[in-house]
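# Understanding the architecture of this molecule
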Amino acid sequence: MSSRIRINKFFTQQGICSRREADRLIETGRVTINGRVARLGDQVGPEDVIVRDGQVVPWGATPVYIKYHKPVGVTTTSESHVYRNIIAEIGHQERIFPIGRLDKDSSGLILLTNDGDIVNDILRTEFGHQREYIVDVDRPFDDVFLGRLSSGVMILGSRTKPCRTERIGRQCFRIVLTEGRNRQIRRMCQALGYRVTDLHRVRIMHITIKGLGAGAWKDLTVDERRELLRAVGRKPV
């Protein structure tokens, strides 16, 4: 890194924590820069020695972007005490964390990274990034049901954004969302009198789960990574 950056951004770029969490570390005096207790807003460069809780935080962590086929039963959390947490299941040598969530009872594609800055960029709803799911419900549905899903459903006190739906079978459909509320698809179906029996995410933006078996992960391809960075306004590297 050639230019100087704020100390909280340094922590996110190294995949250590969010900017807010970094601010808390700094406010409680747990971070030093060249032996001096860090202050909010301090800027650092590669020549500086940054220490957190007595441990030097090295510069230059290589950005990691992977995709993982999460099986049902794995919890999307970085908390190590949680049984079958996603980080332990993957066992990556770098410290990575998930971008967004996927319910424990759901399966499919999820992205993980050590690039703290890109997480908020991807999750910001104004970007309108697409997420595609295959959904099974507990009984046959008609086209009115799909139409109501597409036009928006009242959940959690407000109406969901319009989305795309497509029938796959008598009790199975495809849905493409551009927002990510808590358990959104399950809540939408429940509001219309249906219960989701299986929910599987097959795509996030341009990245698909094709060829990735349950429980497997792999690095994004060069093209996938470049397009991901372009999509959030970052210069591909």
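First, a word on scope: everything that follows refers to the structure included in this document. In this text, all values refer to a predicted model and were calculated from it rather than measured experimentally.

Before going further, it helps to examine unusual backbone geometry. Phi at Asn-34 takes a positive value of approximately 55 degrees, unusual for a residue other than glycine. Examined against the element boundaries, Asn-34 turns out to sit in the loop between strand S2 (31-33) and strand S3 (36-37). For Asn-34, a relative accessible area of 48% translates into the label partly exposed. For Asp-53, which is not glycine, the phi torsion reads 50 degrees and is therefore positive. For Asp-53, the position within the fold is in the loop between strand S5 (50-52) and strand S6 (55-56). Among the residues examined, Asp-53 registers a relative accessible area of 44% and is labelled partly exposed.

The next thing to look at is the sheet that holds S3. Pairing is antiparallel across the open sheet formed by four strands, whose spatial order is S3-S2-S5-S6. Two strands bound the open sheet, and with one partner strand each, they are S3 and S6. Pairing of S2 with S3, which is carried by two bridges, proceeds in the antiparallel orientation. Its bridge partner lying in S3, Ile-33 is registered against Arg-36.

So, about the packing of aromatic side chains. Aromatic rings in a pair are described by how distant their centres are and how their planes are angled relative to each other. Across all of its chains, the model carries five aromatic pairs by this definition. Here the aromatic rings of Phe-141 and Phe-173 are separated by 5.7 Å at their centres, their planes lie at 90 degrees, and the arrangement is edge-to-face. With a gap of 32 residues between them, Phe-141 in the loop between strand S10 (131-137) and helix H5 (143-151) and Phe-173 in strand S14 (residues 172-177) connect regions that are remote in the sequence. The same class applies to Phe-141 as to Phe-173, namely buried. When the ring of Phe-145 is compared with that of Phe-173, the centres are 5.7 Å apart and the planes differ by 80 degrees; the resulting orientation is edge-to-face. Within this pair, whereas Phe-145 is found in helix H5, its partner Phe-173 is found in strand S14, the two being separated by 28 residues in sequence. Per residue, the accessibility class of Phe-145 equals that of Phe-173, and both read buried. Members of the aromatic cluster, connected to one another through ring pairs, are Phe-141, Phe-145, Phe-173 and Tyr-194.

All of the buried residues along helix H2 (residues 19-27) are Ala-22, Leu-25 and Ile-26. The buried residues of H2 occupy an angular sector of 95 degrees when projected down its axis, which confines them to one face. Exposed and facing more than 90 degrees away from the buried side of H2 are Arg-20 and Glu-27. Among the structural elements, helix H1 (7-13), S2 and S5 are those in contact with the buried residues of H2. Positioned one or two residues after H2, Gly-29 has a phi angle of 75 degrees, which is positive.

Conventions used here
Residues numbered from 1 in each chain as written. Predicted model: local features only at pLDDT ≥ 70, side-chain atom pairs only at ≥ 80, totals over all residues. Heavy atoms only, no water. Helix = DSSP H or I, 4+ residues; strand = E, 2+ residues; numbered from the N terminus. Buried < 20%, exposed > 50% of the residue type's maximum accessible area, 1.4 Å probe, protein only. Pairing = 2+ DSSP bridges. Phe/Tyr/Trp six-rings, centres within 6.5 Å; stacked < 30°, edge-to-face > 60°. Arc of directions from axis to C-beta. Contact = heavy atoms within 4.5 Å.

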